[in-house]
Structures are given as structure tokens and as C-alpha cells.
Amino acid sequence: MKKKLQPTGKCPRVKKLMLIMRLTILFIAFSILSTSASVYSQSTRLTVKMKNSRIADVFDRIEQQSEFYFFYNRDKFDDNRLVSIDVKGKTVEQILDELFKGQAVTYEIVDRNILVKTENKFPGVSKSRQQTGTVTGKVIDGSQQPVPGASVVVRGTTIGTVTDINGGYSLKDIPNNATLRFSFIGMETQEIPVAGKMSSTLL
């Protein structure tokens, strides 16, 4: 797919300079937002004391005390299971680690959203047999130039990242049958199956 260009009357050098400025601003803004989310997650202290309560009610209590919001699939995660928890002045990570201790449950914090996921635990099936791995690569344009600030997301999920200043990206625990969705302002979105590919070109 090729980038759609419209004649503007500006010389290529000016257009290139404007693009670099926009990419720099986008990269700085993303870095600030990521740092802000991380600081909030680590600095927010919560107190939760509940006995024989539904997990859904524990989530509600956390949401009432913070700016976090929980997301999960009720078909795969039983939020009616009764639990007891007694923590004071703990981060949300510490609370969730305690809440899910010994359970086939994981979570991911994206900004102030908490995604609760269940792991596949079947006899004889190990993580290695699920064929997951780390996908790394570099996003470049039609001129073989790196594209910093491009969005790379696993299609159908909230798992994703943004390319660094050199156009590089890295995603962990990605199934081999996953499809990556690449997007960037002013360029056409592309979807590329992982299938062993380690680099991509965004045109």
C-alpha cells in the first residue's frame, strides 16, 4: 500500500522538516503520557478490607477509591467468586497480586484501565506449546526511513505499543497466528500476520 500524497506547493525539504517536527512532538507527548500513567499506578495507595465478597465487589471498591477501571470477559472470568482481602496503603498491583495469588488469572494495566485475563490451563499444555513469543521489528516508510510514533496493535486485543524514535517495536507473548495492525497519521493502516515476520514496512 502506498502513502497518499496531495500536492501542497511546498518544497520537499520543508515538508520533511514539518514531518520531523510533528513526529518529535508526538513522541514527546506519548512519553509524557506513559510516564504519567506509570507514576499514577505506583503512587496511588488503596485500602481494601472485605470478607467473603464477590470479586466484582472488590473491583468496584477499587474503582471507587481511584481512577482505575476494570475490563474482563464474563464468559471466561468468574467475577462472582467469593474472596477475602485485607490490605492497607498498597498499590493496585500489590492488591491484584494478592487477590489473584495461586489463580490462573493475569492482568495488564494500560493507562488507568485494568484488563483482567484468564490463562489457559489444560493438562499437558505448556506455555511453549502454545507457540507464543516476542515479536520485534522496525516500521519504515516507502523511502526506507524509520517511522517513530507508529501504533502497533495485536488485532482484536488491547495489546500494543508505539514505535520508538528509530521506528522499532517489541511485543512479548504474542501467538504465532496473531495479526499486527500498523497505523500512523497520514498513512494507510496495514494488517500483517506475524507468521515469523520480524519486520514490517508501512507505506
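Numbering of residues starts from 1 in each chain and follows the order in which that chain's sequence is written. Totals for whole chains, interfaces and linings use every residue, but because this is a predicted model, local features are given only for residues with pLDDT of at least 70 and side-chain atom pairs only at 80 or more, for both listing and counting. To get the side-chain values, all heavy atoms of the structure are used, and hydrogens and water are removed first.

Enquirer: I'd love a proper account of the overall build of the chain, names of residues and values included.
Expert: The helix and strand labels rest on DSSP assignments: H or I over at least four residues marks a helix, E over at least two residues marks a strand, and numbering proceeds from the N terminus. Scanning the chain for helices and strands turns up three helices and 12 strands. Pairs of residues are marked as contacts when any of their non-hydrogen atoms sit within 4.5 Å. Long-range pairs, those at least 24 residues apart, make up 57% of the contacts in the chain between residues at least 6 apart in sequence. Surface accessibility in these figures is a Shrake-Rupley result with a 1.4 Å probe; residues are shielded only by whichever protein chains are displayed. Roughly 13200 Å² of accessible area belongs to the chain as shown, and the carbon and sulfur atoms make up 53% of that amount.

Enquirer: Got a sec to walk through the pattern of salt bridges? Specific residues and values, please.
Expert: The term salt bridge refers to a side-chain nitrogen of Lys or Arg lying within 4 Å of a carboxyl oxygen of Asp or Glu. A full pass over the atoms with the stated rule returns five salt bridges. Note that Arg54 is salt-bridged to Asp57, the shortest N-O span being 3.1 Å. Residues Glu108 and Lys117 are paired through a salt bridge, measuring 3.2 Å at the closest nitrogen-oxygen approach. The cut-offs for exposure are 20% and 50% of the maximum accessible area for each residue type, with area from a 1.4 Å probe on protein chains only; residues under the lower value are buried, those over the upper are exposed, and the others partly exposed. Classification of Lys117 by relative accessible area gives partly exposed; the value is 33%. Where salt bridges share partners, they join Arg155, Arg181 and Glu191 into one cluster.

Enquirer: Lay out the side chain of Asp79 with the relevant residues and their values.
Expert: Looking at the element boundaries, Asp79 is found in the loop between strand E2 (69–71) and strand E3 (82–90). Judged by relative accessible area, which is 6%, Asp79 ranks as buried. Apart from the residues within four sequence positions on either side, Asp79 is in contact with Arg54, Ile55, Ala56, Tyr72 and Arg74.

Enquirer: I'd like a description of the environment of Tyr69, backed by residues and values.
Expert: Structurally, Tyr69 can be placed in strand E2. A sequence separation of 45 residues divides Tyr69 from Ile114, and the C-alpha atoms of the two residues are 5.9 Å apart. When residues no more than four places from it in sequence are discounted, the contact partners of Tyr69 are Glu63, Arg112, Asn113 and Ile114.

Enquirer: For unusual backbone geometry, give the residues involved together with the corresponding values.
Expert: A negative phi angle characterises most non-glycine residues, just as the trans form characterises most peptide bonds. Although it is not a glycine, Asn52 adopts a positive phi angle of roughly 50°. The topology assignment puts Asn52 in strand E1 (residues 46–54). Among the residues examined, Asn52 registers a relative accessible area of 53% and is labelled exposed. One non-glycine residue, Gln144, lies in positive phi territory at about 65°. Structurally, Gln144 can be placed in the loop between strand E6 (132–140) and strand E7 (151–154).

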